Amino acid sequence: MVDIRAVRGALDNSVAEAVRALAARAHDADGVAPLSEQPLLWLADPAAPVAHLLVERPGGPEAPGGALVGYAQLDLGAPGAASAELVVDPAVRRRGIGRGLLGQAHALAESAGGLRVWAHGDLPPAQALARAAGMAPVRELWQMRLDLRTADPEPGAASSPQPPQMPDGVTVRTFVPGKDEDAWVALNARAFADHPEQGRLTRADLLAREAEPWFDPEGFWLAERDGRLLGSMWTKVAEPGVGEVYALGIDPDAQGLGLGGALTRLAVAALRERGLGAVELYTEGDNEPAIRTYARAGFTRSAVDVMYGTPALSARPVTR
Ligand SMILES: CC(C)(COP(=O)(O)OP(=O)(O)OC[C@H]1O[C@@H](n2cnc3c(N)ncnc32)[C@H](O)[C@@H]1OP(=O)(O)O)[C@@H](O)C(=O)NCCC(=O)NCCS
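These numbers come from a predicted model, not from an experiment. (Residues numbered from 1 in each chain as written. Predicted model: local features only at pLDDT ≥ 70, side-chain atom pairs only at ≥ 80, totals over all residues. Heavy atoms only, no water.)

Trainee: Got a minute to help me understand the pairing of strand β8 (residues 220-225) in this structure?
Mentor: In regular strands, side chains alternate between the two faces of the sheet. The buried fraction of β8 is high, at five of six residues. Across four bridges, the pairing between strand β7 (residues 171-174) and β8 is antiparallel. Its bridge partner being in β8, Arg173 is matched across the sheet by Leu222. Summarising the sheet, β8 and strand β9 (residues 228-239) pair through six bridges and their orientation is antiparallel. Paired with Trp221 across the strands is Met233, a residue of β9. Once β8 ends, the chain turns through two residues before running back antiparallel as β9, passing Asp226 with a positive phi of about 50°. (Buried < 20%, exposed > 50% of the residue type's maximum accessible area, 1.4 Å probe, protein only. Helix = DSSP H or I, 4+ residues; strand = E, 2+ residues; numbered from the N terminus. Pairing = 2+ DSSP bridges.)

Trainee: Help me out: how do you make sense of the domain arrangement of the chain in this one?
Mentor: Quite often, the size of an interface is put as the accessible area lost when its parts meet. You can read the domains of the chain as domain 1 (5-134) and domain 2 (144-309). Buried area between domain 1 and domain 2, summed over both chains or domains, comes out near 1500 Å², and the portion from carbon and sulfur atoms is 50%. When the buried area of domain 1 at its contact with domain 2 is split by residue, Glu37, Leu41 and Trp118 rank highest and sum to 34% of it. Linking domain 1 with domain 2 are three salt bridges. A salt bridge links Glu37 to Arg209; its shortest N-O distance comes to 3.8 Å. In this assembly, domain 1 and domain 2 are joined by 11 residue pairs in polar contact (both at pLDDT 80 or more). (Domains from an automatic or database assignment. Buried area = accessible area lost by both parts, 1.4 Å probe. Salt bridge = Lys/Arg side-chain N within 4 Å of Asp/Glu carboxyl O. Polar contact = N/O pair within 3.5 Å; in protein donor to acceptor, adjacent residues only side chain to side chain.)

Trainee: Got a minute to help me understand the environment of Pro217 in this structure?
Mentor: Mapped onto the elements, Pro217 comes out in the loop between α6 (203-210) and β8. Counting along the chain gives 18 residues from Pro217 to Thr235, while the straight-line C-alpha distance between them is 9.0 Å. Once residues within four sequence positions are removed from consideration, Pro217 is found in contact with Thr174, Phe175 and Pro177. (Contact = heavy atoms within 4.5 Å.)

Trainee: How should I be thinking about helix α5 (residues 181-191) in this particular structure?
Mentor: For the α-helix, the turn length of 3.6 residues means that residues three or four positions removed from each other point alike. Residues of α5 that are buried: Glu181, Trp184, Val185, Leu187, Asn188 and Ala191. Seen end-on, α5 carries its buried residues on one side only, within an arc spanning 165°. Those residues of α5 that are buried are in contact with α6, β8, β9 and β10 (242-250). (Arc of directions from axis to C-beta.)

Trainee: Please explain the site of the ligand as it appears in this structure.
Mentor: With respect to spatial proximity, 19 residues lie near the ligand, and among them Val88, Arg94, Gly96, Gly98 and Arg99 are the closest. Measuring from an oxygen atom of the ligand, one finds a backbone N or O atom of Arg95 at 3.0 Å. A distance of 2.8 Å separates an oxygen atom of the ligand from a polar backbone atom of Gly96. In the complex, the protein chains occlude 81% of the 920 Å² of accessible area that the ligand would expose alone. At the level of secondary structure, the elements contributing two or more residues to the shell around the ligand comprise β4 (82-88), α3 (97-109), β5 (115-119) and α4 (124-132). Classifying every residue of the shell around the ligand gives 12 nonpolar, two polar and five charged. (Near = heavy atom within 4 Å. Areas by Shrake-Rupley, 256 points an atom, 1.4 Å probe, with all protein chains shown as cover. Nonpolar A, V, L, I, M, F, W, Y, C, P; charged D, E, K, R; others polar.)

Here it is, written out as C-alpha coordinates:
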(Lines give C-alpha, C1' and ligand atoms only; values in the text may rest on other atoms or scores of the structure.)
Protein backbone atom coordinates (compact mmCIF):
# COMPACT_ATOMS: atom_id res chain seq x y z
CA MET A 1 0.00 0.00 0.00
CA VAL A 2 1.53 3.32 -1.08
CA ASP A 3 1.02 6.30 1.23
CA ILE A 4 0.00 9.27 -0.94
CA ARG A 5 -0.42 12.87 0.23
CA ALA A 6 -2.70 15.06 -1.92
CA VAL A 7 -2.22 18.86 -2.01
CA ARG A 8 -4.34 21.48 -3.82
CA GLY A 9 -2.91 24.89 -4.73
CA ALA A 10 0.75 25.86 -4.48
CA LEU A 11 3.30 23.53 -2.90
CA ASP A 12 5.62 24.84 -0.19
CA ASN A 13 8.92 26.02 -1.66
CA SER A 14 10.88 23.10 -0.20
CA VAL A 15 8.42 20.57 -1.60
CA ALA A 16 8.40 22.26 -5.02
CA GLU A 17 12.20 22.11 -4.96
CA ALA A 18 12.04 18.38 -4.06
CA VAL A 19 9.76 17.77 -7.08
CA ARG A 20 12.24 19.55 -9.37
CA ALA A 21 15.10 17.46 -7.92
CA LEU A 22 13.10 14.23 -8.37
CA ALA A 23 12.36 15.18 -11.99
CA ALA A 24 16.07 15.90 -12.54
CA ARG A 25 17.07 12.47 -11.13
CA ALA A 26 14.58 10.76 -13.45
CA HIS A 27 15.76 12.87 -16.41
CA ASP A 28 19.37 11.75 -15.77
CA ALA A 29 18.36 8.08 -15.48
CA ASP A 30 15.87 7.96 -18.38
CA GLY A 31 17.33 10.54 -20.78
CA VAL A 32 13.88 12.20 -20.98
CA ALA A 33 12.36 14.85 -18.71
CA PRO A 34 9.26 13.36 -16.99
CA LEU A 35 7.52 16.70 -16.32
CA SER A 36 6.95 19.34 -18.96
CA GLU A 37 7.08 23.12 -18.62
CA GLN A 38 3.51 23.88 -17.53
CA PRO A 39 3.44 21.40 -14.61
CA LEU A 40 6.79 22.79 -13.44
CA LEU A 41 5.39 26.36 -13.54
CA TRP A 42 2.26 25.19 -11.66
CA LEU A 43 4.27 23.76 -8.72
CA ALA A 44 4.40 27.15 -7.04
CA ASP A 45 1.24 28.75 -8.51
CA PRO A 46 -1.62 29.14 -6.00
CA ALA A 47 -4.12 29.62 -8.85
CA ALA A 48 -3.08 26.45 -10.70
CA PRO A 49 -6.07 24.17 -11.52
CA VAL A 50 -4.17 21.14 -10.27
CA ALA A 51 -3.86 18.49 -7.58
CA HIS A 52 -0.40 17.35 -6.48
CA LEU A 53 0.11 13.75 -5.32
CA LEU A 54 3.23 13.12 -3.25
CA VAL A 55 4.86 9.90 -2.09
CA GLU A 56 7.40 10.58 0.63
CA ARG A 57 9.90 8.16 2.07
CA PRO A 58 9.98 7.83 5.85
CA GLY A 59 13.26 9.31 7.09
CA GLY A 60 12.67 12.87 6.00
CA PRO A 61 14.77 15.03 3.72
CA GLU A 62 17.98 13.49 5.15
CA ALA A 63 17.12 10.16 3.49
CA PRO A 64 19.40 9.52 0.48
CA GLY A 65 18.08 11.41 -2.52
CA GLY A 66 15.67 13.44 -0.38
CA ALA A 67 12.31 12.46 1.05
CA LEU A 68 10.24 12.61 -2.12
CA VAL A 69 10.20 9.40 -4.21
CA GLY A 70 7.05 9.79 -6.27
CA TYR A 71 5.04 12.66 -7.69
CA ALA A 72 2.02 13.13 -9.91
CA GLN A 73 0.33 16.34 -11.00
CA LEU A 74 -3.25 16.32 -12.24
CA ASP A 75 -4.53 19.14 -14.43
CA LEU A 76 -8.20 19.22 -13.43
CA GLY A 77 -9.00 22.09 -15.82
CA ALA A 78 -8.12 20.18 -19.00
CA PRO A 79 -11.14 19.93 -21.32
CA GLY A 80 -12.89 16.54 -21.47
CA ALA A 81 -10.68 14.69 -18.99
CA ALA A 82 -8.06 15.45 -16.37
CA SER A 83 -4.51 15.08 -17.61
CA ALA A 84 -1.56 13.94 -15.52
CA GLU A 85 2.20 13.63 -15.53
CA LEU A 86 3.90 11.33 -13.05
CA VAL A 87 7.35 10.28 -12.02
CA VAL A 88 8.91 7.73 -9.66
CA ASP A 89 12.48 7.95 -8.34
CA PRO A 90 14.70 5.61 -10.42
CA ALA A 91 16.03 4.09 -7.15
CA VAL A 92 12.62 2.76 -6.05
CA ARG A 93 10.88 1.65 -9.23
CA ARG A 94 8.92 -1.62 -9.63
CA ARG A 95 7.62 -1.37 -6.07
CA GLY A 96 4.09 -0.30 -6.88
CA ILE A 97 4.55 3.47 -6.42
CA GLY A 98 3.68 4.31 -10.01
CA ARG A 99 0.61 2.06 -9.90
CA GLY A 100 -0.45 3.69 -6.62
CA LEU A 101 -0.09 7.22 -8.03
CA LEU A 102 -1.96 6.30 -11.20
CA GLY A 103 -4.77 4.66 -9.18
CA GLN A 104 -5.18 7.74 -7.00
CA ALA A 105 -5.09 9.98 -10.10
CA HIS A 106 -7.87 7.88 -11.67
CA ALA A 107 -10.00 8.26 -8.53
CA LEU A 108 -9.52 12.06 -8.44
CA ALA A 109 -10.16 12.37 -12.18
CA GLU A 110 -13.51 10.60 -12.12
CA SER A 111 -15.45 13.83 -11.56
CA ALA A 112 -13.38 15.55 -14.29
CA GLY A 113 -14.56 13.09 -16.96
CA GLY A 114 -11.71 10.56 -16.81
CA LEU A 115 -7.93 10.53 -16.90
CA ARG A 116 -5.23 10.92 -19.49
CA VAL A 117 -1.55 10.59 -18.70
CA TRP A 118 1.52 11.73 -20.62
CA ALA A 119 4.44 9.38 -21.22
CA HIS A 120 7.29 11.64 -22.36
CA GLY A 121 9.49 9.68 -24.73
CA ASP A 122 6.97 6.78 -24.47
CA LEU A 123 9.52 4.72 -22.52
CA PRO A 124 8.85 0.97 -22.03
CA PRO A 125 8.09 1.21 -18.24
CA ALA A 126 5.53 3.95 -18.90
CA GLN A 127 3.94 1.94 -21.73
CA ALA A 128 3.75 -1.11 -19.44
CA LEU A 129 2.32 0.84 -16.50
CA ALA A 130 -0.35 2.54 -18.63
CA ARG A 131 -1.34 -0.67 -20.40
CA ALA A 132 -1.46 -2.58 -17.08
CA ALA A 133 -3.97 0.08 -15.95
CA GLY A 134 -6.13 -0.58 -19.04
CA MET A 135 -5.09 2.64 -20.82
CA ALA A 136 -4.31 3.01 -24.53
CA PRO A 137 -2.67 5.76 -26.67
CA VAL A 138 -5.07 8.64 -27.44
CA ARG A 139 -2.72 11.40 -28.59
CA GLU A 140 0.84 11.91 -29.83
CA LEU A 141 3.06 14.94 -29.48
CA TRP A 142 6.00 15.03 -31.87
CA GLN A 143 9.30 16.68 -31.22
CA MET A 144 10.88 17.89 -34.48
CA ARG A 145 14.47 19.03 -34.90
CA LEU A 146 16.56 20.93 -37.41
CA ASP A 147 20.35 20.66 -37.20
CA LEU A 148 21.67 24.10 -38.19
CA ARG A 149 25.25 22.88 -38.65
CA THR A 150 24.33 20.64 -41.57
CA ALA A 151 21.17 22.28 -42.95
CA ASP A 152 21.52 24.78 -45.80
CA PRO A 153 20.67 28.33 -44.82
CA GLU A 154 17.13 29.24 -45.83
CA PRO A 155 16.65 32.25 -48.06
CA GLY A 156 16.68 35.11 -45.60
CA ALA A 157 19.28 33.54 -43.31
CA ALA A 158 22.10 35.71 -41.98
CA SER A 159 24.30 34.86 -44.94
CA SER A 160 21.60 35.88 -47.40
CA PRO A 161 20.76 39.52 -48.10
CA GLN A 162 16.98 38.97 -48.43
CA PRO A 163 14.71 38.71 -45.35
CA PRO A 164 11.97 36.05 -45.73
CA GLN A 165 9.15 37.22 -48.00
CA MET A 166 5.92 37.93 -46.06
CA PRO A 167 2.42 37.76 -47.61
CA ASP A 168 1.21 41.04 -49.17
CA GLY A 169 0.76 43.90 -46.73
CA VAL A 170 2.07 41.96 -43.74
CA THR A 171 4.71 43.60 -41.56
CA VAL A 172 6.67 42.03 -38.72
CA ARG A 173 7.89 43.56 -35.47
CA THR A 174 8.93 42.20 -32.08
CA PHE A 175 6.66 41.83 -29.05
CA VAL A 176 6.53 44.81 -26.66
CA PRO A 177 6.12 43.69 -23.01
CA GLY A 178 3.46 45.66 -21.16
CA LYS A 179 1.68 46.54 -24.43
CA ASP A 180 1.01 43.46 -26.58
CA GLU A 181 -0.22 40.96 -23.96
CA ASP A 182 -3.99 41.22 -24.51
CA ALA A 183 -3.77 41.12 -28.31
CA TRP A 184 -1.40 38.14 -28.16
CA VAL A 185 -3.59 36.17 -25.70
CA ALA A 186 -6.63 36.76 -27.97
CA LEU A 187 -4.71 35.65 -31.07
CA ASN A 188 -3.35 32.57 -29.27
CA ALA A 189 -6.86 31.57 -28.13
CA ARG A 190 -8.19 31.87 -31.71
CA ALA A 191 -5.23 30.09 -33.30
CA PHE A 192 -5.32 27.24 -30.75
CA ALA A 193 -9.09 27.09 -30.12
CA ASP A 194 -9.02 23.27 -30.44
CA HIS A 195 -5.85 22.74 -28.43
CA PRO A 196 -6.40 21.45 -24.88
CA GLU A 197 -3.38 23.21 -23.35
CA GLN A 198 -2.02 25.99 -25.58
CA GLY A 199 -5.46 27.51 -26.25
CA ARG A 200 -6.10 28.01 -22.52
CA LEU A 201 -3.08 30.26 -21.95
CA THR A 202 -4.11 33.34 -19.97
CA ARG A 203 -2.56 36.76 -19.53
CA ALA A 204 -1.20 35.53 -16.15
CA ASP A 205 0.38 32.49 -17.86
CA LEU A 206 1.99 34.82 -20.41
CA LEU A 207 3.30 37.12 -17.65
CA ALA A 208 4.73 34.07 -15.81
CA ARG A 209 6.68 33.18 -18.95
CA GLU A 210 7.84 36.80 -19.40
CA ALA A 211 9.33 36.50 -15.87
CA GLU A 212 11.35 33.38 -16.81
CA PRO A 213 15.10 33.93 -17.29
CA TRP A 214 14.96 32.73 -20.89
CA PHE A 215 12.31 35.24 -22.00
CA ASP A 216 13.59 37.53 -24.77
CA PRO A 217 11.20 39.78 -26.70
CA GLU A 218 13.80 40.02 -29.49
CA GLY A 219 12.93 36.39 -30.31
CA PHE A 220 9.15 36.94 -30.20
CA TRP A 221 7.68 38.32 -33.44
CA LEU A 222 4.21 39.63 -34.29
CA ALA A 223 2.91 39.75 -37.87
CA GLU A 224 0.34 42.47 -38.56
CA ARG A 225 -1.70 43.80 -41.45
CA ASP A 226 -3.49 47.17 -41.21
CA GLY A 227 -2.74 47.21 -37.46
CA ARG A 228 -4.41 43.83 -36.88
CA LEU A 229 -2.42 40.98 -35.34
CA LEU A 230 -2.50 37.99 -37.72
CA GLY A 231 0.19 35.71 -36.40
CA SER A 232 3.06 35.31 -34.00
CA MET A 233 6.29 33.37 -33.74
CA TRP A 234 7.75 32.95 -30.26
CA THR A 235 11.18 31.37 -29.88
CA LYS A 236 12.97 30.29 -26.74
CA VAL A 237 16.62 29.60 -25.99
CA ALA A 238 16.82 27.82 -22.63
CA GLU A 239 19.52 25.23 -23.35
CA PRO A 240 23.06 26.01 -24.51
CA GLY A 241 23.27 25.81 -28.29
CA VAL A 242 19.63 24.83 -28.85
CA GLY A 243 16.76 27.11 -29.82
CA GLU A 244 13.07 26.24 -29.78
CA VAL A 245 10.17 27.31 -31.92
CA TYR A 246 8.10 27.75 -28.77
CA ALA A 247 4.75 28.80 -30.20
CA LEU A 248 3.73 29.58 -33.76
CA GLY A 249 0.12 30.69 -34.10
CA ILE A 250 -1.75 32.12 -37.07
CA ASP A 251 -5.25 33.59 -36.83
CA PRO A 252 -7.74 31.23 -38.57
CA ASP A 253 -8.66 34.12 -40.95
CA ALA A 254 -5.04 34.35 -42.08
CA GLN A 255 -4.24 30.64 -42.36
CA GLY A 256 -3.23 29.32 -45.78
CA LEU A 257 -1.44 32.54 -46.86
CA GLY A 258 2.05 31.18 -46.24
CA LEU A 259 2.51 33.26 -43.09
CA GLY A 260 3.41 30.27 -40.89
CA GLY A 261 6.14 29.19 -43.30
CA ALA A 262 7.51 32.74 -43.60
CA LEU A 263 7.63 33.16 -39.80
CA THR A 264 9.34 29.76 -39.46
CA ARG A 265 12.03 30.84 -41.95
CA LEU A 266 12.44 34.11 -40.07
CA ALA A 267 12.85 32.30 -36.72
CA VAL A 268 15.31 29.73 -38.09
CA ALA A 269 17.38 32.50 -39.68
CA ALA A 270 17.45 34.49 -36.42
CA LEU A 271 18.42 31.44 -34.34
CA ARG A 272 21.14 30.57 -36.85
CA GLU A 273 22.44 34.14 -36.65
CA ARG A 274 22.74 33.71 -32.86
CA GLY A 275 25.18 30.86 -33.51
CA LEU A 276 22.91 28.04 -32.26
CA GLY A 277 23.54 24.47 -33.41
CA ALA A 278 19.94 23.21 -33.59
CA VAL A 279 16.28 24.19 -33.39
CA GLU A 280 13.58 22.01 -31.80
CA LEU A 281 9.81 22.26 -31.56
CA TYR A 282 6.75 20.31 -30.44
CA THR A 283 3.68 19.70 -32.54
CA GLU A 284 0.63 17.46 -32.36
CA GLY A 285 1.22 14.21 -34.27
CA ASP A 286 -2.02 14.72 -36.26
CA ASN A 287 -1.48 18.38 -37.13
CA GLU A 288 -0.69 17.89 -40.81
CA PRO A 289 -0.49 21.58 -41.81
CA ALA A 290 2.03 22.27 -39.02
CA ILE A 291 4.10 19.17 -39.75
CA ARG A 292 4.15 20.05 -43.46
CA THR A 293 5.24 23.63 -42.65
CA TYR A 294 8.08 22.46 -40.42
CA ALA A 295 9.15 19.63 -42.77
CA ARG A 296 9.40 22.17 -45.60
CA ALA A 297 11.76 24.22 -43.40
CA GLY A 298 13.93 21.10 -42.93
CA PHE A 299 12.69 19.77 -39.55
CA THR A 300 12.43 16.01 -39.03
CA ARG A 301 10.79 14.01 -36.23
CA SER A 302 13.20 13.39 -33.35
CA ALA A 303 11.04 12.05 -30.47
CA VAL A 304 7.42 11.26 -29.60
CA ASP A 305 5.45 11.77 -26.39
CA VAL A 306 2.34 9.61 -26.06
CA MET A 307 -0.76 10.38 -24.06
CA TYR A 308 -2.62 7.36 -22.69
CA GLY A 309 -6.30 7.39 -21.82
CA THR A 310 -8.89 4.95 -20.61
CA PRO A 311 -10.56 3.19 -23.56
CA ALA A 312 -13.74 5.25 -23.20
CA LEU A 313 -11.67 8.35 -24.04
CA SER A 314 -11.41 8.47 -27.80
CA ALA A 315 -8.68 10.51 -29.47
CA ARG A 316 -9.97 14.01 -30.12
CA PRO A 317 -8.31 15.85 -33.00
CA VAL A 318 -6.20 18.73 -31.73
CA THR A 319 -3.89 21.11 -33.50
CA ARG A 320 -0.84 23.07 -32.51
C1 LIG B 1 6.58 4.75 -15.42
C2 LIG B 1 6.94 4.88 -13.94
C3 LIG B 1 6.10 6.00 -13.33
C4 LIG B 1 6.58 3.53 -13.23
O5 LIG B 1 6.76 3.68 -11.83
P6 LIG B 1 7.00 2.42 -10.89
O7 LIG B 1 6.77 2.84 -9.49
O8 LIG B 1 8.29 1.77 -11.21
O9 LIG B 1 5.80 1.41 -11.37
P10 LIG B 1 5.13 0.22 -10.51
O11 LIG B 1 6.16 -0.45 -9.67
O12 LIG B 1 3.95 0.74 -9.79
O13 LIG B 1 4.66 -0.74 -11.68
C14 LIG B 1 3.30 -1.04 -11.93
C15 LIG B 1 3.21 -1.91 -13.17
O16 LIG B 1 3.68 -1.19 -14.34
C17 LIG B 1 4.41 -2.09 -15.20
N18 LIG B 1 5.83 -1.69 -15.23
C19 LIG B 1 6.40 -0.66 -14.59
N20 LIG B 1 7.71 -0.57 -14.90
C21 LIG B 1 7.98 -1.58 -15.75
C22 LIG B 1 9.15 -2.02 -16.44
N23 LIG B 1 10.33 -1.40 -16.26
N24 LIG B 1 9.04 -3.09 -17.26
C25 LIG B 1 7.87 -3.75 -17.41
N26 LIG B 1 6.72 -3.38 -16.78
C27 LIG B 1 6.78 -2.30 -15.97
C28 LIG B 1 4.22 -3.47 -14.59
O29 LIG B 1 3.02 -3.99 -15.10
C30 LIG B 1 4.11 -3.13 -13.13
O31 LIG B 1 3.48 -4.11 -12.37
P32 LIG B 1 4.39 -5.35 -11.78
O33 LIG B 1 5.59 -4.74 -11.15
O34 LIG B 1 3.45 -6.01 -10.80
O35 LIG B 1 4.74 -6.20 -12.95
C36 LIG B 1 8.45 5.15 -13.74
O37 LIG B 1 9.18 4.20 -14.49
C38 LIG B 1 8.87 6.56 -14.15
O39 LIG B 1 8.87 7.46 -13.32
N40 LIG B 1 9.25 6.73 -15.46
C41 LIG B 1 9.63 8.04 -15.95
C42 LIG B 1 8.41 9.00 -16.04
C43 LIG B 1 7.29 8.46 -16.95
O44 LIG B 1 7.51 7.83 -17.97
N45 LIG B 1 6.05 8.77 -16.55
C46 LIG B 1 4.86 8.43 -17.35
C47 LIG B 1 4.04 7.37 -16.68
S48 LIG B 1 2.69 6.86 -17.75
